[in-house]
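The lines below spell out each chain.
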Amino acid sequence: MEARIDFKKVMHDVRKVYEAMLGVEGALNAGPLPTKLLDLVRMRASQINGCAYCLDMHSKELRAHGETEQRIYCLNGWEECPFYSDKERAALAWTEAVTLVTEGHVPDEVYEKVRKQFTDIELVYLTAAIGAINLWNRLNVGLRTVAGGYQPNQSQKSSG
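1. Remarks on the packing of helix H2 (residues 35-49) against helix H7 (residues 120-142)
In the contact formed by H2 and H7, the axes pass within 9 Å of each other and the chain directions differ by 40°. The orientation of H2 relative to H7 falls into the category oblique. The handedness of the crossing between H2 and H7 comes out as right-handed. Residues Leu38, Val41, Arg42, Ala45, Ser46 and Asn49 of H2 form the contact with H7, whose own contacting residues are Leu126, Ala129, Ile130, Ile133, Asn134, Asn137, Arg138 and Val141.

Quick look at the structure:
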């Protein structure tokens, strides 16, 4: 597979957009949500959107942060697995609803579940994280960013 656009070749001209996106990621990573939870959310949205680059990145980040192979491999079937916490389940349901917003406009029942697990501030951060990964997914899928080269713990330098 070949990328449609090589970011390195156009970086000078798109730097402000890229830096703004990295700024959002920095704010999210410094916020109140645990890193593992953010990466589970990022991975789940990337599964829904079929973003190979982000799946590669976030599976590596999850491993680097101590996540188990079992939980990474079963994330696509999280509803059927006993090893995700109630808070993680609420976040994953929220991720699916917000990512698939055209398929139900984020149902009240999903909101009620997530409200039981997250404060107002946490829910804003969670929703922003979902919005951010969806933007990264759309850039990487649309431009066919090639997966495989990401190294863990580089998210401050390159996100997706």
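2. Some points on the pattern of salt bridges
On inspection of all chains with the given rule, the structure shows ten salt bridges. The partner of arginine 63 in a salt bridge is glutamate 69, with the nearest N and O atoms 2.6 Å apart. Connected via shared salt-bridge partners are Glu25, Asp39 and Arg42.

3. Digging into the layout of surface pockets
Reported here for the second largest pocket is a volume of approximately 300 Å³. If you go around the second largest pocket, you meet 19 residues; those closest to its centre are Trp78, Glu79, Ala93, Val110 and Lys113. Elements supplying a minimum of two residues to the lining of the second largest pocket: helix H5 (86-99) and helix H6 (108-117). When residues of the lining of the second largest pocket are assigned to their parent elements, the largest contribution, six residues, is made by H5. Looking at the lining of the second largest pocket residue by residue, the classes come out as eight nonpolar, three polar and eight charged.

4. Comments concerning the packing of H2 against H5
Viewed as axis vectors pointing N to C, H2 and H5 meet at an angle of 35°, and their least axial separation amounts to 10 Å. By crossing handedness, the relation of H2 to H5 is classed as right-handed. Residue-level contacts link Leu37, Leu40, Val41, Arg44, Ala45, Ile48 and Asn49 of H2 to Glu88, Ala91, Leu92, Thr95, Glu96 and Thr99 of H5. Considering only residue class, the contact of H2 with H5 consists of seven nonpolar, three polar and three charged.

5. Quick word on the packing of aromatic side chains
Considering all chains together, one arrives at three aromatic pairs under this definition. On the numbers, 5.4 Å between centres and 50° between planes, the contact of phenylalanine 83 with tyrosine 84 is tilted. Ring geometry for tryptophan 94 versus tyrosine 111: centroids 6.0 Å apart, planes at 50°, classification tilted. Of the two residues, tryptophan 94 sits in helix H5 while tyrosine 111 sits in helix H6, which places them 17 residues apart along the sequence. Judged by its relative accessible area of 32%, tyrosine 111 is partly exposed. Positioned above the aromatic ring of phenylalanine 118, the side-chain terminus of lysine 87 is 4.7 Å from the ring centre.

So, how was this worked out
- Here, residues in each chain are numbered from 1, in the same order as that chain's written sequence.
- Residues qualify for local features only when their pLDDT is at least 70, as the model is predicted, and side-chain atom pairs are given and counted only at 80 or more; totals for whole chains, interfaces and linings, by contrast, use all residues.
- Only hydrogens and water are set aside; all other atoms, that is, all heavy atoms of the structure, feed into the side-chain values.
- Here an angle of 0 to 180 degrees is reported between the N-to-C directions of two axes, which are lines fitted to C-alpha atoms, with helices fitted over the stretch in contact.
- Helix and strand assignments come from DSSP, with helices taken as H or I runs of at least 4 residues and strands as E runs of at least 2, each series counted from the N terminus.
- By the definition adopted for this analysis, an angle is roughly parallel if under 35 degrees, roughly antiparallel if over 145, roughly perpendicular if from 65 to 115, and oblique otherwise.
- For any pair of crossing helices, the crossing counts as left-handed if the nearer helix is rotated counterclockwise from the farther one by less than a right angle, and right-handed if it is rotated clockwise.
- Residues are treated as being in contact if the distance between any of their heavy atoms lies within 4.5 Å.
- We define a salt bridge as a contact between a side-chain nitrogen of Lys or Arg and a carboxyl oxygen of Asp or Glu at a distance within 4 Å.
- Using protein atoms alone on a 1 Å grid, points that fit a 1.4 Å probe yet trap it form a cavity, whereas open point sets bounded by protein on both sides within 12 Å along at least five of seven lines form a pocket; residues with an atom within 4 Å of a point count as lining.
- Grid points are joined across faces, edges and corners, and a volume is the space filled by probe spheres set on the points.
- Residues are sorted three ways: Asp, Glu, Lys and Arg are charged, Ala, Val, Leu, Ile, Met, Phe, Trp, Tyr, Cys and Pro are nonpolar, and all the rest, Gly among them, are polar.
- Aromatic rings from Phe, Tyr and Trp, with only the six-membered ring used for Trp, were paired whenever their centres fell within 6.5 Å, and each pair was classed as stacked if the ring planes differed by under 30 degrees, edge-to-face if by over 60, and tilted otherwise.
- Only protein chains enter the calculation, and the probe is 1.4 Å; a residue is then buried if its accessible area is under 20% of its type maximum, exposed if over 50%, and partly exposed in between.
- A ring is scored as having a charge over it whenever the NZ atom of a lysine or the CZ atom of an arginine sits within 6 Å of its centre and within 35 degrees of its normal.

Don't take any of this as a statement about function, it's just geometry.
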